[in-house]
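Report on the structure
Here is how the chains run, residue by residue.
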Amino acid sequence: MNHSLGLKIIAPILVLGMSVVTPIFAEDTDNASPGSASSSMHKAGESMENAASNTGHAIKDTYHGTVTALTDTKITAKVKHALHEAELTEGGDIDVDTVAGVVTLHGTARSGKVSAEATRIAEKVEGVKAVKNDLTVAAK
């Protein structure tokens, strides 16, 4: 029983002692010598802050990249569906790629009229910022 009473007394004294002594060791970094423990601790703290900030930026960039990729995938699917519904993919091979909202049509179209119509249809799809038509017109 004396042992637990000793811990109940010693633990608070240690905590109190550390809280009183800590400010003594934490020198003002403006006046600290370059090789001092205070200066090193300050630099380590700044490094940790920078690492946390960089990690936050990386997470934000990853999130935005994922959102862009999902949006591009949705646009690509809508353009492919619209081209199929308009029966422009019959007898031709029209591929669709989307990067940051810019749709690129490539492959083969049955005629110049089909190529122009494919561009017009793609431009009408919600979220499309621009259309690049790299279609080749099939030889008759």
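Predicted model, so just to flag it, every value in this text is computed and none were measured.

With that settled, the discussion passes to the overall build of the chain. In terms of helices and strands, the chain carries three helices and three strands. With 140 residues in all, the chain has 21% of them scored as buried. Sequence-distant contacts, at least 24 apart, represent 53% of the contacts inside the chain between residues at least 6 apart. When the accessible area of the chain is evaluated, it comes to approximately 10100 Å², of which 62% is carbon and sulfur surface.

If you trace the backbone, Thr119 turns up in helix α3 (residues 112–124). Once residues within four sequence positions are removed from consideration, Thr119 is found in contact with Leu105, Val131 and Asn133.

What follows covers the pattern of salt bridges. Counted under the stated rule, the structure contains two salt bridges. Residue Arg120 pairs with Glu117 through a salt bridge whose shortest N-O separation is 2.3 Å. Residue Arg120 and its partner Glu117 are both found in helix α3; the two are separated by three residues, about one turn of the helix. Under the relative-accessibility criterion, Glu117 is labelled partly exposed at 26%. Between Asp134 and Lys132 there is a salt bridge, with its nearest N and O atoms 3.9 Å apart. For Lys132, a relative accessible area of 46% translates into the label partly exposed.

So, on to a nonpolar patch on the surface. Residues Ile9, Ile10 and Ile13 make up a contiguous nonpolar surface patch of about 290 Å² in total accessible area. Relative to the elements of secondary structure, Ile13 occurs in helix α1 (residues 2–25).

Here we take up helix α2 (residues 37–85). Since the α-helix packs 3.6 residues into each turn, any two residues three or four apart lie on the same face. Here α2 spans 72 Å end to end across 49 residues, near enough to the 72 Å set by a 1.5 Å rise per residue. Looking at α2, one finds that the buried residues are Ser38, Ser39, Asp72, Ile75, Thr76, Val79 and Leu83. Positive phi shows up at Glu87, right after α2, with a value of about 60°.

This next bit is on the nonpolar core. Val79, Leu83, Val103, Leu105, Ala118 and Val128 are the most contacted members of the largest nonpolar core, which has 17 residues in total. Looking at this core, the elements with two or more residues in it are α2, β1 (93–99), β2 (102–109), α3 and β3 (130–137). Top contributing element to this core by residue count: α3, with four residues. Filtering out sequence-adjacent residues up to four positions away, Val128 remains in contact with Ile75, Val79, Gly101, Val103, Ala122 and Glu123.

The rules we used
- Residues numbered from 1 in each chain as written.
- Predicted model: local features only at pLDDT ≥ 70, side-chain atom pairs only at ≥ 80, totals over all residues.
- Heavy atoms only, no water.
- Helix = DSSP H or I, 4+ residues; strand = E, 2+ residues; numbered from the N terminus.
- Buried < 20%, exposed > 50% of the residue type's maximum accessible area, 1.4 Å probe, protein only.
- Contact = heavy atoms within 4.5 Å.
- Areas by Shrake-Rupley, 256 points an atom, 1.4 Å probe, with all protein chains shown as cover.
- Salt bridge = Lys/Arg side-chain N within 4 Å of Asp/Glu carboxyl O.
- Patch = residues over 30% accessible without salt bridge, like charges linked within 9 Å, V, L, I, M, F, W, Y side chains within 5 Å.
- Expected span 1.5 Å × (residues − 1).
- Core = buried A, V, L, I, M, F, W, Y, C linked by side-chain atoms within 4.5 Å.

Note that all results are geometric; they support no functional claim without further evidence.
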